[in-house]
Protein chains: 2
Amino acid sequence: MVGFELTVLGGFGGPWDGGLQSFMLKPTGSQEYGYVCVDAGTGLKELIRLAATRGIGGKGMVTSYYENDYEPVDRFHDSSCKILCGIGTLSSKAADAFEDGDGKGQRKVLTSVEKGLELYHEIGEVFITHCHLDHIMAMVVNSPVIYAHKKSVLGLPLTIEVLKEHVFNDKIWPNLVSGDEPPFNLITFKPYESYICNSVPHWNVTCFPVSHGLTVVDRKPYYSTAYLFQDGRDGDSLLVCGDMESDRISNMSHLSEIWNYLATNIPFERVRGLVMECSTMDLKDESHLYGHMSTRHVIWELNRLKKAYGKPLDGLNVIVTHIKMESLDKDPRIIILKELREKSIEKGLGAIKFSVAIQGYTHFI
Amino acid sequence: MVGFELTVLGGFGGPWDGGLQSFMLKPTGSQEYGYVCVDAGTGLKELIRLAATRGIGGKGMVTSYYENDYEPVDRFHDSSCKILCGIGTLSSKAADAFEDGDGKGQRKVLTSVEKGLELYHEIGEVFITHCHLDHIMAMVVNSPVIYAHKKSVLGLPLTIEVLKEHVFNDKIWPNLVSGDEPPFNLITFKPYESYICNSVPHWNVTCFPVSHGLTVVDRKPYYSTAYLFQDGRDGDSLLVCGDMESDRISNMSHLSEIWNYLATNIPFERVRGLVMECSTMDLKDESHLYGHMSTRHVIWELNRLKKAYGKPLDGLNVIVTHIKMESLDKDPRIIILKELREKSIEKGLGAIKFSVAIQGYTHFI
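Quick caveat: nothing in here was measured; it's all calculated off a predicted structure.

Rules and cut-offs
Residues numbered from 1 in each chain as written. Chains lettered and ligands numbered in written order. Predicted model: local features only at pLDDT ≥ 70, side-chain atom pairs only at ≥ 80, totals over all residues. Heavy atoms only, no water. Helix = DSSP H or I, 4+ residues; strand = E, 2+ residues; numbered from the N terminus. Rg over C-alpha atoms; globule rule 2.2 N^0.38 Å. Areas by Shrake-Rupley, 256 points an atom, 1.4 Å probe, with all protein chains shown as cover. Lys, Arg positive; Asp, Glu negative; His and termini not counted. Charge placed at Lys NZ, Arg CZ, Asp CG, Glu CD. Contact = heavy atoms within 4.5 Å. Pairing = 2+ DSSP bridges. Axes fitted to C-alpha atoms, helices over the stretch in contact; angles between N-to-C directions. Expected span 1.5 Å × (residues − 1). Buried < 20%, exposed > 50% of the residue type's maximum accessible area, 1.4 Å probe, protein only. Salt bridge = Lys/Arg side-chain N within 4 Å of Asp/Glu carboxyl O. Polar contact = N/O pair within 3.5 Å; in protein donor to acceptor, adjacent residues only side chain to side chain. Nonpolar A, V, L, I, M, F, W, Y, C, P; charged D, E, K, R; others polar. Core = buried A, V, L, I, M, F, W, Y, C linked by side-chain atoms within 4.5 Å. Least-squares fit on C-alpha atoms with pLDDT ≥ 70 in both. Disulfide = S-S within 2.5 Å. Phe/Tyr/Trp six-rings, centres within 6.5 Å; stacked < 30°, edge-to-face > 60°. Lys NZ or Arg CZ within 6 Å of the ring centre and 35° of its normal.

Colleague: Can you tell me about the overall build of chain A, naming the residues and giving the values?
Modeller: In terms of helices and strands, chain A carries nine helices and 17 strands. On C-alpha atoms alone, chain A measures out to a radius of gyration of 20 Å, which is about the 21 Å that the 2.2 N^0.38 rule sets for 365 residues. The principal-axis extents of the C-alpha atoms in chain A amount to approximately 65 × 45 × 45 Å. Taken as a whole, chain A presents about 13500 Å² of accessible surface, with 50% of it coming from carbon and sulfur. In chain A, 37 positive and 46 negative side-chain charges are present, and the distance between their average locations comes to 3 Å.

The structure is reproduced here in structure tokens:
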């Protein structure tokens, strides 16, 4: 088993302006390769913080601001999962940059800013699930530093089109995508196509469109993306989903197609994990879902995955993301995790390991 | 003297994705009125943090991540300025929400999230200097919570047009500005027009266009805004500038017109302060300014203000903002402050009080 290291740079789905969705991935234990990101709602600043706090140790407390301002991290993760506070394995190059000399020799002691930049430059590819601002804003604001280390940005044709027309348009942000050698190399990625990562050449990525509700004015479908990462060495796979709604709401078949694709192409024991949005706990009035998942929909979809494989989902890692930090008495992340665990037992889905994506933690899956 | 309380929600100008420019203003000591914001690169999340830490006291340390990961706040502020760590005077309503009961009576003890939202809802008007993402992104991401407490968003006609066409367009973000009663009331604000604040009816605001460099592709001028707040009771005034370049670079007269307007309309002792961008320290190659100010340009412009008034700028508060957190050995905020103080003495500008806008601090000016 190779597996994945998934570092959560951000896991929120608003309305807080910070810690928004962004995942950094590499093969477990790899000192050779850099990173791939899915979404870019958070970026460089969190990497600088992680560089500054690396090696401080401890599992730490998580800022909550609900019942208590801080909660123990154990409340958000499955107790049998391997989790690290901070970033995981460093590349040889980054490890070298992180090694503090005595400041007297020829070797310069790097600042936390420089160490964070070293990590940032190791992100070669950013897979965007959709163009809502909470998924792209760090990529845009961080862009002045990428000239020396260009990045590829991948997304559905429509996603790339929107980035060109409405973001890098010299109005919302300077146009950094035109000209001969733009710092961002925009790559359109068609549904069900495959792509071999530059940053991690063992990884094959497949792109699936998903439904993310309707536009406000024209009531037209809005599309988001799920990305499947497969390691060519042993087939270990990880599915990372963007914002989406259940087929039960969209009356489309996007998710059932993904579950069938997995069951047909990947043995269950090679599905190392699913990263799935669950923006809210169960709502009485589902007209306020706005193209998102609540716990009952996550459970309904996982039940379909179970049926597709024809067996319980024992040991599957499900990392829940994009939780909306609403005004409630209790931290919505804790409520959602409890609801998912209870409903999963009720439906007999198997011993799924549910966790919430918490900023600054690395999952080894 | 009434004066102003200016709370820095964010003072960075990138490339860090967090703590980006946003100022919250109210008349000094006012328990009656809410807030007005200039720019919205940071918002609700910082208010929740400020609610959680209110009353903890101490002047605190500032995260730096350069020479040291934390620096004493005194390194960033003029020693004679009145500064508070946290938010300033609360309205009577907010003070009531902040008062913790014993949790046993009828009165509910509010979470930090609820207290932060109470502050957020007291922001009635947001003045946008321009539409670059670092100045608007929190307003967009925070928007799901504004339905019960609508906000007016003001800007130059072009700024409002870009918000409609490229942000609230059902592609980058759901369209929350159309229909009969949209949560955002977009108001176009023409150059040199005046506007009476709803949130603070004593305040008259005047809007000045400024130059913010050229677009990348068409090499056309890009405009930003400076806002002048004048208190009708005693004429106390505060100028808050968006990103801009010196007239010496733009070959336009936007800033000289502002300096003349001030000198003609406002006695010097009523100019409580200037908030001015200074994105970088002095550069050898000014082709990399990209429509921004370096220290030598700030000094050059302040010298013109001195000439407009015909006397030294003794006691003037100049709060420097939008510093770019570049990769350097030393915190650029400390370098810039040192350069400004030295050059100001060299030029004989008078005893200006220079400070840097630091997130989470309130200036009483």
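Okay, back to it.
Colleague: Mind laying out the environment of W203 of chain A, listing which residues take part and the relevant values?
Modeller: All names here are of chain A. By secondary structure assignment, the location of W203 is in strand β11 (residues 203–214). Each C-alpha atom, one on W203 and one on S237, is 9.3 Å from the other, the two residues being 34 residues apart in sequence. Leave out the neighbours within four places in its chain, and W203 touches F4, L25, K26, P27, V36, Y195, I196, C197, F229, Q230 and D231.

Colleague: Lay out the sheet that holds strand β12 (residues 221–231) of chain A in plain terms, naming residues and giving numbers.
Modeller: Strands belonging to one sheet form pairs held by backbone hydrogen bonds; the direction of such a pair is parallel or antiparallel. Residue and element names in this part refer to chain A. Spatially, seven strands are ordered β10-β11-β12-β13-β14-β15-β16 in an open sheet, and the strand pairing comes out mixed. Either end of the sheet is taken by a strand with one partner, and the two such strands are β10 (194–196) and β16 (353–356). Adjacent strand axes in the sheet meet at a mean angle of 20 degrees when their direction is disregarded. Both β11 and β12 contribute to a ladder of 10 bridges, which runs antiparallel. Bridge assignment links N204 to a residue of β12, and that residue is Q230. Helix α7 (residues 254–265) rests against β11, β12, β13 (237–241) and β14 (271–277) of the sheet, and its axis sits at about 160 degrees to β11. Across the sheet, helix α9 (residues 332–346) lies against β15 (317–321) and β16, angled at about 170 degrees from β16, the strand it touches most.

Colleague: Summarise helix α8 (residues 295–309) of chain A; cite the residues concerned and give the values.
Modeller: Since the α-helix turns once every 3.6 residues, residues separated by three or four places project in the same direction. All names here are of chain A. Across its 15 residues, α8 extends 21 Å between first and last C-alpha, which sits within 8% of the 21 Å expected from 1.5 Å per residue. Taken residue by residue, α8 has T295, H297, V298, I299, E301, L302, N303, L305 and Y309 as its buried positions. Once α8 finishes, G310 follows within two positions and takes phi at roughly 70 degrees, a positive value.

Colleague: Give me the interface of chain A and chain B: which residues, what numbers.
Modeller: In this complex, chain A contributes 58 residues to the contact, which on the side of chain B involves 59 residues. The tally of links between chain A and chain B comes to zero salt bridges. Where chain A meets chain B, there are 27 residue pairs in polar contact (both at pLDDT 80 or more). Counting only elements with at least two residues in the side of chain A that touches chain B, the list comes to α1 (44–53), α3 (112–121), α4 (137–141) and α5 (157–167) of chain A. Per-element tally for the side of chain A that touches chain B: the top contributor is α1 of chain A, with five residues. A per-class count over the side of chain A that touches chain B returns 29 nonpolar, 15 polar and 14 charged.

Colleague: Residue-level account of the nonpolar core, with values.
Modeller: Counting residues in hydrophobic clusters, the biggest one holds 189 residues, and the most contacted among them are L274 and L302 of chain A together with L274 and L302 of chain B. Apart from residues no more than four positions distant in its own chain, L274 of chain A is found in contact with L238, L239, W259, L262, L302, L305, L316, N317, V318 and I319 of chain A.

Colleague: Quick rundown of the pairing of strand β2 (residues 22–27) of chain B? Include the residues and the values.
Modeller: Residue and element names in this part refer to chain B. In terms of burial, β2 is a largely internal element, six of the six residues being buried. Along β2, one buried face is formed by S22, M24 and K26 and the opposite face, lined by F23, L25 and P27, is buried too. Sheet topology note: the strand β1 (residues 4–10)/β2 ladder contains six bridges and is antiparallel. By the bridge assignment, F4 is partnered in β2 with P27. Taken together, the three bridges between β2 and strand β3 (residues 35–38) define a ladder with antiparallel strand orientation. Counterpart to M24 in the pairing with β3 is C37.

Colleague: So, the side chain of S344 of chain A: which residues are in play, and what are the values?
Modeller: In this fold, S344 of chain A is placed in helix α9. Among all residues touching S344 of chain A, those that are not within four sequence positions of it are I299, L349, G350, I352 and F354 of chain A.

Colleague: Tell me about the relation of the copies chain A and chain B, and please be specific about residues and values.
Modeller: The two copies are related by a screw motion: chain A maps onto chain B through a turn of 180 degrees and a shift of 0.0 Å along the axis, at an RMSD of 0.0 Å. This pairing of chains is accounted for by a two-fold axis. Nearest to the rotation axis, the C-alpha of H166 of chain A is located 2.5 Å from it, this being the minimum over chain A. Comparing interface residues between copies, 100% of those in chain A also sit at the interface in chain B, which points to an isologous, same-surface contact.

Colleague: I'd like to hear about the sheet that holds strand β9 (residues 184–188) of chain B, residue by residue, with values.
Modeller: Residue and element names in this part refer to chain B. With mixed pairing, the eight strands of this open sheet are ordered in space as β6-β17-β1-β2-β3-β7-β8-β9. Pairing within the sheet leaves two strands with one partner each, and these edge strands are β6 (82–85) and β9. Between one strand axis and the next, the sheet turns through 25 degrees on average, direction left out of account. Summarising the sheet, strand β7 (residues 123–127) and strand β8 (residues 151–155) pair through three bridges and their orientation is parallel. Considered in β8, the bridge of V126 is made with V153. The strands touched by helix α1 (residues 44–53) within the sheet are β1, β2 and β7, with β1 carrying the most contacts at an inclination of about 115 degrees.

Colleague: Break down the state of the cysteines for me, with residues and values.
Modeller: Should the sulfur atoms of two cysteines be covalently bonded, the bond is a disulfide. Residue and element names in this part refer to chain A. For the structure shown, the criterion picks out zero disulfides over all chains. Free cysteine C81: the closest other cysteine sulfur is in C85, separated by 16 Å. C131 carries a free sulfur, and the closest cysteine sulfur to it, the one in C207, is 13 Å from it.

Colleague: Report on unusual backbone geometry, specifying residues and quantitative values.
Modeller: Residues and elements named next belong to chain A. In this structure, the amide linkage connecting G14 to the following residue, P15, adopts the cis form with an omega of -10 degrees. A positive phi angle, close to 70 degrees, is found at Y65, a residue other than glycine. Mapped onto the secondary structure, Y65 falls in the loop between β4 (61–63) and β5 (70–72). Residue classification places Y65 among the buried residues on the basis of a relative accessible area of 7%.

Colleague: Describe in detail the packing of aromatic side chains, supporting the description with residues and values.
Modeller: Tallied over the full model, the rule gives 32 aromatic pairs over all chains. On the basis of an interplanar angle of 75 degrees and a centroid distance of 5.1 Å, the ring pair of F208 of chain A and Y261 of chain A is categorised as edge-to-face. Note that F208 of chain A is positioned in strand β11 and Y261 of chain A in helix α7, a separation of 53 residues in sequence. Residue classification places Y261 of chain A among the partly exposed positions, given a relative accessible area of 22%. An aromatic cluster of at least three residues, connected via ring pairs, comprises F4, F127, F189, Y195, W203, Y227 and F229 of chain A. A cation over a ring is seen here: K26 of chain B above Y35 of chain B, with NZ or CZ 4.9 Å from the ring centre. The ring of Y120 of chain B is capped by K151 of chain B, whose NZ or CZ atom sits 3.9 Å from the centre of that ring.

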